[in-house]
Amino acid sequence: MAAVAARKFEFEILATAAGGARRGRVHTSRGSYETPVFMPVGTRGTIKAALVGQVAEIGFEVILGNTYHLMLRPGAGVVASFGSLHGFTGWKRHMLTDSGGFQVMSLGAEYSEQGARFRSIYDGSVHTVTPEEAVALQELIGADIQMVLDVCTMLPASRDKVERALELTHQWAKRARAAKSRQDQAQFGIVQGGGELDLRAESAKFISDLDFEGHAIGGLAVGESRDEMLAAIDSSVEYLPDAKVRYLMGVGDPVGMLEAIARGVDMFDCVAPSRIARHGQAMTFGGKLHMKNLRYQRDDRPIEEGCPCPACAGYPRGLVRHLLNVGEPTAGTLLTLHNLTFMHRLIERARAGIVDGSLGALVAEVRGAWDVRPD
Ligand SMILES: [Zn+2]
């Protein structure tokens, strides 16, 4: 590591709106990025079907890497041999790595006080990750922000199960905070508590006492309704200090994201925009379009009028539909670039809406377009 004094990780609030929304800027040892921010997910060293240069061109300032995948393939040591995940992937701007907690939960991990035990999806080999090892792995991979290892539960879950997961999550958060050694990397704690609002509040108080650089709200968008999700966000945000950045993990559906922004959440990630792109779905301000539909066969309009993405700049809907239906990988690239551009435009409109007071109108507009699903 270069012996340069690291700039303190700071969250600057530029404007606020009624209800708690914040327009902000995060300062780090790499530079700064604007909030609210959506982070595309580069699961295995790349955003699927897009190049990092294209993702930067759209305007994204932060992407996410998955520690679970990178530790198994190619291995954290291999990534570190390129200096960092930045050197390995070619991405020049900010990066955040998750701890792998969500992936190991989805793959049926066993939890003990020591850590999480899980099987590799690649070769079935058994691994155990402790909170301290999750810190060490993320320090080796070297993103700008690392996340603590937590215990996430799918919902609905019994209160007993959520309480047990929370107890471990809190013990592990303390251990992860003590294990952190890199000064040029920020570390975020994660609030859990399932759909139990009193446990969410308790968790937010516990995690904020550990003095992390930022706070995440985890364990949502895992089977609960949107209203249940928003109630859990409210109960968490109420006890998280305003002066630190807030990250809602794994939520990137347009309505859910805007509702969370309106409640004071600043950072988001989600695989959905690129995943549904590869399945032929386009995200637009008019709702979701299923581009394989016969109605687009002779449609010479772009996916969305006024969209500045490479797909809308030169390719008619009829071509996108054709490429999808014959299985050309270029269809996935075109729709990924479009959907990511939509997410960035949505975030830019949310930022402007916080400043000029029109965020509520934007939430209503997008809710109207997306909740009725016109296509
Ligand atoms: Zn477009």
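If you're wondering where the values come from, they're calculated on a predicted model, not measured in any experiment.

About the thresholds
Residues numbered from 1 in each chain as written. Predicted model: local features only at pLDDT ≥ 70, side-chain atom pairs only at ≥ 80, totals over all residues. Heavy atoms only, no water. Axes fitted to C-alpha atoms, helices over the stretch in contact; angles between N-to-C directions. Helix = DSSP H or I, 4+ residues; strand = E, 2+ residues; numbered from the N terminus. Parallel < 35°, antiparallel > 145°, perpendicular 65-115°, else oblique. Left-handed = near helix turned anticlockwise from the far one by under 90°. Contact = heavy atoms within 4.5 Å. Nonpolar A, V, L, I, M, F, W, Y, C, P; charged D, E, K, R; others polar. Donors = N, O, S within 2.8 Å, 3.2 Å for Na, K, Ca; no water. Tetrahedral: all angles 85-135°; square planar, octahedral: opposite > 155°, others 65-115°. Domains from an automatic or database assignment. Buried area = accessible area lost by both parts, 1.4 Å probe. Salt bridge = Lys/Arg side-chain N within 4 Å of Asp/Glu carboxyl O. Polar contact = N/O pair within 3.5 Å; in protein donor to acceptor, adjacent residues only side chain to side chain. Pairing = 2+ DSSP bridges. 1 Å grid on protein atoms, 1.4 Å probe; cavity = no way out; pocket = protein on both sides within 12 Å on 5 of 7 lines; lining within 4 Å. Points joined across faces, edges and corners; volume = space filled by probe spheres on them. Core = buried A, V, L, I, M, F, W, Y, C linked by side-chain atoms within 4.5 Å. Buried < 20%, exposed > 50% of the residue type's maximum accessible area, 1.4 Å probe, protein only. Expected span 1.5 Å × (residues − 1). Phe/Tyr/Trp six-rings, centres within 6.5 Å; stacked < 30°, edge-to-face > 60°. Lys NZ or Arg CZ within 6 Å of the ring centre and 35° of its normal.

### Points about the packing of helix 10 (residues 254-262) against helix 14 (residues 329-356)
For any two helices packed against each other, one specifies the inter-axial angle together with the distance between the axes.
So, step 1. Where helix 10 meets helix 14, the closest approach of the two axes is 11 Å, and the angle between their N-to-C directions is 25°. Put simply, helix 10 runs roughly parallel to helix 14. At the point where helix 10 passes helix 14, the crossing takes the right-handed sense. Counted together, Pro-254, Met-257, Leu-258 and Ile-261 of helix 10 and Phe-342, Met-343, Leu-346, Ile-347, Ala-350 and Ile-354 of helix 14 form the full contact between these two elements.
So, step 2. When the residues that make up the contact of helix 10 with helix 14 are grouped by side-chain class, the tally is 10 nonpolar, no polar and no charged.

### So, the coordination of the zinc ion
So, step 1. Those protein atoms acting as donors to the zinc ion are Cys-307 (SG), Cys-309 (SG), Cys-312 (SG) and His-338 (ND1), and they sit at 2.1 to 2.3 Å.
So, step 2. One way to put it: the four donor atoms around the zinc ion meet at angles of 100 to 118°, and that makes the site tetrahedral.

### Structural notes on the domain arrangement of the chain
Interfaces are often sized by the accessible area lost when the parts come together.
So, step 1. Each assigned domain of the chain is listed with its residue range as follows: domain 1 (12-270) and domain 2 (277-369).
So, step 2. Its C-alpha centre places domain 1 at a distance of 27 Å from the equivalent point of domain 2.
So, step 3. Across the interface of domain 1 and domain 2, roughly 2,200 Å² is buried in total on both sides, 77% from carbon and sulfur atoms.
So, step 4. Where domain 1 touches domain 2, the interface holds one salt bridge.
So, step 5. One salt bridge connects Arg-367 with Glu-259, and the closest N-O pair in it is separated by 2.2 Å.
So, step 6. In this assembly, domain 1 and domain 2 are joined by four residue pairs in polar contact (both at pLDDT 80 or more).
So, step 7. Among the elements that take part in the side of domain 1 that touches domain 2, helix 10 stands out by supplying seven residues, more than any other.
So, step 8. Looking at the side of domain 1 that touches domain 2 residue by residue, the class counts come to 19 nonpolar, five polar and seven charged.

### Describing the sheet that holds strand 3 (residues 32-35)
So, step 1. The three strands are arranged 1-2-3 in an open sheet whose pairing can be described as antiparallel. Each edge of the open sheet carries a strand with a single partner, namely strand 1 (10-16) and strand 3. Along the sheet, successive strands turn relative to each other by an average axial angle of 20°, direction set aside.
So, step 2. Pairing analysis gives four bridges linking strand 2 (residues 22-27) to strand 3, with the strands arranged antiparallel. Following the sheet pairing, Arg-25 is matched in strand 3 by Glu-34.
So, step 3. In this fold helix 14 packs onto strand 1, strand 2 and strand 3, with an angle of close to 120° to the strand it touches most, strand 2.

### Details of the layout of surface pockets
So, step 1. Volume-wise, the largest pocket comes out at about 700 Å³.
So, step 2. Lining of the largest pocket is provided by 34 residues; of these, Asn-66, Phe-102, Gln-103, Asp-269 and Val-271 occupy positions nearest its centre.
So, step 3. Of all the secondary-structure elements, those providing two or more residues to the lining of the largest pocket are strand 6 (62-66), helix 5 (101-106) and helix 11 (272-278).
So, step 4. At four residues, helix 5 tops the list of elements feeding residues into the lining of the largest pocket.
So, step 5. Within this model, the second largest pocket holds a volume of roughly 290 Å³.
So, step 6. Lining the second largest pocket are 19 residues, with Lys-8, Phe-9, Glu-10, Ala-186 and Glu-213 positioned closest to its centre.
So, step 7. Along the lines of polarity and charge, the residues of the lining of the second largest pocket split into five nonpolar, four polar and 10 charged.

### Here's the deal with the nonpolar core
Across soluble globular proteins, you tend to see nonpolar side chains buried next to one another.
So, step 1. Counting residues in each nonpolar core, the largest one holds 98 residues, and the members touching the most others are Phe-38, Phe-188, Ile-233, Tyr-247, Leu-248, Ile-261 and Met-267.
So, step 2. In terms of residue count, the dominant contributor to this core is helix 14 (eight residues).
So, step 3. A domain split of this core shows at least three residues from each of domain 1 (12-270) and domain 2 (277-369).
So, step 4. Sequence-distant contacts of Tyr-247, defined by excluding residues within four places in its chain, comprise Met-39, Leu-64, Leu-96, Met-147, Phe-188, His-215, Ala-216, Ile-217, Val-265, Met-267, Phe-268 and Asp-269.

### Some thoughts on helix 7 (residues 159-179)
So, step 1. Taking 1.5 Å of rise per residue, 21 residues should cover 30 Å, and helix 7 covers 30 Å from first to last C-alpha, within 8% of that figure.
So, step 2. Buried residues belonging to helix 7 abut strand 8 (110-111), strand 9 (116-119), helix 6 (131-141), strand 12 (186-191) and helix 8 (197-208).

### Brief notes about the packing of aromatic side chains
So, step 1. Throughout the structure, instances matching the rule amount to seven aromatic pairs.
So, step 2. Centroid distance Tyr-68 to Phe-118: 5.5 Å. Interplanar angle 50°. Geometry classified as tilted. On the criterion of sequence distance, the pair formed by Tyr-68 in helix 2 (residues 67-72) and Phe-118 in strand 9 is long-range, its members being 50 residues apart. By the burial criterion, Tyr-68 is buried, and Phe-118 matches it.
So, step 3. Through a chain of ring-to-ring contacts, three or more aromatic side chains come together here, namely Phe-285, Phe-342 and Trp-370.
So, step 4. Geometry around Tyr-239 places Lys-205 over its ring, the cationic atom sitting 4.6 Å from the centre.

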